[in-house]
Amino acid sequence: MQEQDALIRTIKMEDAIIGMRKDGIVHVYFRPCTLIDVPLQLKMLEAYNTITKGKKSLFIFEAGEFVKITKEARDNAVVMEEITPTLASAVMVKNLSQMIIATFYYKIKRPKQPYKVVSKFDKGIDWLKEVGESVHQN
């Protein structure tokens, strides 16, 4: 998990760490070898609501090596988008396989909220801050 010193509070789970950063961005880190399935998504939703106190927030997602997502979870992610506290999501990828999965999701499932795939953590944070500023201006 990058920039752990920027976190003001965290929720540590077996499969993930969810942290609220000082700048208000939620950092989600999936631990290596995690299988993201529908039951995990439901646990994560509860943690997201706890860390954000139910307020729509900016999220950056990061995954360790060998994280996989089931087809059911990919399909469910679109359904859950309506009830998650996400305002916009940046997905940081570290390798080609993560890039393929994140890009495929974007092209096939088309999230309704702003979504960007980045290869550098700082670029994702900068993009989220821009999105946050434009939302607050409107």
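Keep in mind the model is a prediction, meaning the values are calculated, not measured.

**Q** How should the sheet that holds strand 3 (residues 26–30) be read in this particular structure?
**A** Pairing between the strands of a sheet comes from backbone hydrogen bonds, and it takes one of two forms, parallel or antiparallel. Judged by pairing direction, the sheet is mixed, and its six strands sit side by side in the order 1-2-3-5-7-8 without closing on themselves. Of all strands in the sheet, those with a lone pairing partner are strand 1 (7–12) and strand 8 (115–118), marking the two edges. Averaged over all pairs of adjacent strands, the angle between their axes in this sheet comes to 20°, without regard to strand direction. The sheet contact formed by strand 1 and strand 2 (residues 16–21) spans five bridges and is antiparallel. When the bridges of strand 2 are listed, Leu7 appears paired with Arg21. Across the sheet, helix 1 (residues 38–52) touches strand 1, strand 2, strand 3 and strand 5 (57–63), and the angle it forms with strand 2 is around 20°.

**Q** Sorry, what's going on with the nonpolar core here?
**A** In a soluble, globular protein the nonpolar side chains are often hidden away together inside. Within the largest apolar cluster, 21 residues are counted, with the highest numbers of intra-cluster contacts made by Ile18, Val26, Val28, Phe30, Met44, Tyr48 and Phe61. Looking at this core, the elements with two or more residues in it are strand 2, strand 3, helix 1 and strand 5. Tallying contributions element by element places helix 1 first for this core, with five residues. Setting aside anything within four residues of it in sequence, one finds Phe61 in contact with Val28, Phe30, Tyr48, Ser89, Ala90, Val91 and Met92. Ile25, Ile60, Ala88 and Val118 belong to the second largest nonpolar core, which has twelve residues in total.

**Q** Would you mind showing me how to read the pairing of strand 5 here?
**A** Every other side chain in a regular strand lies on the same face of the sheet, so the side chains alternate between the two faces. For strand 5, a buried count of seven out of seven residues is recorded, marking the element as mostly surrounded by other parts of the structure. The alternating pattern of strand 5 places Ser57, Phe59, Phe61 and Ala63 on one face and Leu58, Ile60 and Glu62 on the opposite face, and all of these are buried. Alignment of strand 3 against strand 5, held across five bridges, turns out to be parallel. Within the sheet, the bridge partner assigned to Val28 lies in strand 5 and is Phe61. Relative to strand 7 (residues 86–92), strand 5 runs parallel, the two being bridged by six bridges. Its bridge partner being in strand 7, Phe59 is matched across the sheet by Ser89.

**Q** Sorry if this is basic, but what is going on with the packing of aromatic side chains here?
**A** Two aromatic rings are characterised by how far apart their centres lie and by the angle between their planes. Inspection of every chain in the model, using the stated rule, returns three aromatic pairs. Here Tyr48 and Phe59 contribute two aromatic rings whose centre-to-centre distance is 5.1 Å and whose plane-to-plane angle is 70°, an arrangement assigned as edge-to-face. Pair noted here: Tyr48 is in helix 1 and Phe59 is in strand 5, with a separation of eleven residues, a long-range link. You can call Phe59 buried: its relative accessible area is 0%. With centroids separated by 5.8 Å and ring planes inclined at 15°, the aromatic side chains of Phe59 and Phe61 adopt a geometry described as stacked. Here Phe59 and Phe61 have matching classes, each one buried. Taken together through their ring pairs, the aromatic side chains of Tyr48, Phe59 and Phe61 make up a single cluster.

**Q** Would you explain the side chain of Thr34 in this entry?
**A** When you line up the elements, Thr34 lands in the loop between strand 3 and strand 4 (35–36). Note on Thr34: relative accessible area 3%, which makes it buried. From its side chain, Thr34 meets the backbone oxygen of Arg31 in a polar contact 2.7 Å long. For Thr34, the residues in contact, after removing those within four places along its chain, are Asp15, Leu40, Phe66, Val67 and Lys68.

Criteria and cut-off values
- Residues numbered from 1 in each chain as written.
- Predicted model: local features only at pLDDT ≥ 70, side-chain atom pairs only at ≥ 80, totals over all residues.
- Heavy atoms only, no water.
- Pairing = 2+ DSSP bridges.
- Helix = DSSP H or I, 4+ residues; strand = E, 2+ residues; numbered from the N terminus.
- Axes fitted to C-alpha atoms, helices over the stretch in contact; angles between N-to-C directions.
- Contact = heavy atoms within 4.5 Å.
- Core = buried A, V, L, I, M, F, W, Y, C linked by side-chain atoms within 4.5 Å.
- Buried < 20%, exposed > 50% of the residue type's maximum accessible area, 1.4 Å probe, protein only.
- Phe/Tyr/Trp six-rings, centres within 6.5 Å; stacked < 30°, edge-to-face > 60°.
- Polar contact = N/O pair within 3.5 Å; in protein donor to acceptor, adjacent residues only side chain to side chain.

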